[in-house]
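Below, each chain spelled out in residue letters.
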Amino acid sequence: MTLRIRAFDHAPESEDWRRQRALFDRVLGPEIGALRDRALRWVTLGNPVDLDEPRRYVVDDGGTIVASLGRMPVRFSVRGEPMLMRYSHDLLVDPAYRGQKLAQRLVSEVAERSDSPVGGLWMNAPSYAIHLRCGWRGMPPARSQMRVLDAAAFLGRRMAPGLARLAAAPARGLLAIASPDAWGSGPAGYEVSEEGEPGVDADALWSEVAPRLGVAAVRDAAYLRWRFVEAPHAQYTLLQVRREGALRGHAALRLPLPEAPDSSAVIVDLLACPSEPRAITALARAALALARARGATSLMAFTTLPPFRRALARLGFLRAPRPQTFVLSNLENSTHARAIADASSWYLTFTDSDGDMWTGAQPPERI
């Protein structure tokens, strides 16, 4: 058995797509494999950061792909200055080949072949441990925020039905679960609506906001269209908030499907000027109303910016127990090394990971 690590040929008609699909089918099953293949083509070929470089590395055994790891280029802004990063994502090893440290070899390959900082965000525990063993720097974990909307249903998924019913009433009071409208009107002068495709005003907002965010992935109209309009499996509701007609913020919301109303809704991304947390309040109130109308048991949100976190806390969002892990490598040669190494300078949301990108293309136990 001769194993070699090589770059994945991501040309649309490349034979490597068939080989990668075969790996998905062996590990995840043909049904999920088909969904995963479609999502991977979107992630790899649809990315608006279109560089002439390998976007995945694989372990090849005589023409069979037995392990693979993606490398996704992402445009960043560091206090308004452009920077390129690459994300390690979608690590998969054929069970028949495990125990040979193939995952570690791929993780090291992604770092060694990249001439920019590389990162990995919100990964599962095994992947996180592998990246740490390969010398990637573990950044201080952050935590999302959660607003419970239906105490009985929410607790029912976490404890026996009888105990859930008993705990629901006191939990309602403890968590102050009420419609946001019961707390009075929203911020004066801010109007929230659902939007279609992001346009030039999203570009203008990003240009205004980027210098004030520290380290942040570019959220211009091209990125928003790719990430939330063209996604092959997940459905997103895009919200925009305006003041005197001008766009002041936007959010991407993933709501429960009609066939699964008793699940969580997620604010996957949100953006506004750091000095304007009232825009976040207006967006969150609208998201709460939509999540409640769709029958969600809770609404999850994640942002690292303190003014935005305080705005969510005032609406009853509590800190979630599960930490969001975050690793970095290749900082030494970057002109922005000091800023990148400071976790407090990062602006992050759930969209800053590839994890949400696989929604609808995961095995049932991982959804």
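## Describing unusual backbone geometry
The backbone of W122 shows a phi angle near 55°, a positive value even though the residue is not glycine. Position of W122 relative to the elements: it lies in the loop between β5 (118–121) and α4 (125–133). We note that E244 has phi near 55°; this positive angle belongs to a residue other than glycine. Take E244: it is sitting in the loop between β10 (237–243) and β11 (246–254).

## Some remarks on the packing of aromatic side chains
With the rule as written, the count across this model stands at 11 aromatic pairs. Ring plane angle 90° and centroid distance 5.1 Å describe the contact between F8 and W17, whose orientation is recorded as edge-to-face. In terms of burial, F8 and W17 fall into one category: buried. Residues F308 and Y347 carry aromatic rings whose centres are separated by 6.2 Å and whose planes lie at 90° to one another, so their mutual orientation is edge-to-face.

## Considering empty space enclosed by the protein
If you walk through the whole model with that rule in mind, you get four cavities of 30 Å³ or more. The calculated volume of the largest cavity comes to roughly 120 Å³. Around the largest cavity, the lining is made up of 15 residues, and of these V74, R75, V218, Y223 and W226 lie nearest the centre. Listed by contribution, the elements that provide at least two residues to the lining of the largest cavity are β3 (64–78) and α8 (221–229). The element contributing the most residues to the lining of the largest cavity is β3, with four residues. Taken together, the residues of the lining of the largest cavity break down into 11 nonpolar, two polar and two charged.

Quick notes on the rules
Residues numbered from 1 in each chain as written. Predicted model: local features only at pLDDT ≥ 70, side-chain atom pairs only at ≥ 80, totals over all residues. Heavy atoms only, no water. Helix = DSSP H or I, 4+ residues; strand = E, 2+ residues; numbered from the N terminus. Phe/Tyr/Trp six-rings, centres within 6.5 Å; stacked < 30°, edge-to-face > 60°. Buried < 20%, exposed > 50% of the residue type's maximum accessible area, 1.4 Å probe, protein only. 1 Å grid on protein atoms, 1.4 Å probe; cavity = no way out; pocket = protein on both sides within 12 Å on 5 of 7 lines; lining within 4 Å. Points joined across faces, edges and corners; volume = space filled by probe spheres on them. Nonpolar A, V, L, I, M, F, W, Y, C, P; charged D, E, K, R; others polar.

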